[in-house]
Amino acid sequence: MVSVNVRDNNVDQALRVLKKKMQREGIFREMKLRRHYEKPSEKKAREESESARRCRKMERKKRDRDGF
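Caption draft 1: Layout of the overall build of the chain. Scanning the chain from N- to C-terminus turns up three helices and zero strands. If you list the helices and strands of the chain from N to C, you get α-α-α. For 68 residues, the compact-globule estimate of 2.2 N^0.38 gives 11 Å, and the chain exceeds it by more than 25% at 18 Å. C-alpha atoms of the chain, sized along the principal axes, occupy 50 × 40 × 15 Å. Taking all 68 residues of the chain together, 6% fall into the buried category. Just so you have it, the chain exposes about 6,900 Å², and 49% of that area is on carbon and sulfur atoms. Side-chain charges of the chain comprise 23 positive and 12 negative groups, with the mean position of each set lying 1 Å from the other.

Dropping the structure here:
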């Protein structure tokens, strides 16, 4: 559960903090995924592509760090 305290009736600042917390928790991404039903085969394909993307990103960072 995400909660935000409003200080000095400053709703705009509280809204920015709330959006930042929701982004960090991944709520926006989950809402987008749950907007429509996802078939199990589509879910599996999406998860595999996300895994491959994460792997490529880690390899790229490792090469940059090692100086290749």
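Caption draft 2: Fine view of the pattern of salt bridges. Evaluation of the coordinates by the stated rule reveals four salt bridges. Taking the shortest distance from any N to any O, the salt bridge between E50 and R46 comes out at 3.3 Å. A residue pair is termed a helical-turn pair when its members lie 3 or 4 positions apart in one helix, as E50 and R46 do in helix 3 (residues 40–66) at four residues. In this structure E50 comes out as buried when scored by relative accessible area, which is 16%.

Caption draft 3: Geometry of unusual backbone geometry. We note that D8 has phi near 55°; this positive angle belongs to a residue other than glycine. Mapped onto the elements, D8 comes out in the segment before helix 1 (11–25). The exposure class of D8 is exposed, given its relative accessible area of 78%. Despite not being glycine, N9 has its phi angle at roughly 55°, a positive value.

Caption draft 4: Looking closely at the layout of surface pockets. Space inside the largest pocket adds up to approximately 150 Å³. Surrounding the largest pocket, G26, R29, E30, L33, R34, H36, Y37, E38 and R46 form its lining. Of all the elements, helix 2 (residues 27–34) adds the most residues to the lining of the largest pocket, at four residues. Its residues assigned to classes, the lining of the largest pocket shows two nonpolar, two polar and five charged.

Reading guide: rules and limits
- Residues numbered from 1 in each chain as written.
- Predicted model: local features only at pLDDT ≥ 70, side-chain atom pairs only at ≥ 80, totals over all residues.
- Heavy atoms only, no water.
- Helix = DSSP H or I, 4+ residues; strand = E, 2+ residues; numbered from the N terminus.
- Rg over C-alpha atoms; globule rule 2.2 N^0.38 Å.
- Buried < 20%, exposed > 50% of the residue type's maximum accessible area, 1.4 Å probe, protein only.
- Areas by Shrake-Rupley, 256 points an atom, 1.4 Å probe, with all protein chains shown as cover.
- Lys, Arg positive; Asp, Glu negative; His and termini not counted.
- Charge placed at Lys NZ, Arg CZ, Asp CG, Glu CD.
- Salt bridge = Lys/Arg side-chain N within 4 Å of Asp/Glu carboxyl O.
- 1 Å grid on protein atoms, 1.4 Å probe; cavity = no way out; pocket = protein on both sides within 12 Å on 5 of 7 lines; lining within 4 Å.
- Points joined across faces, edges and corners; volume = space filled by probe spheres on them.
- Nonpolar A, V, L, I, M, F, W, Y, C, P; charged D, E, K, R; others polar.

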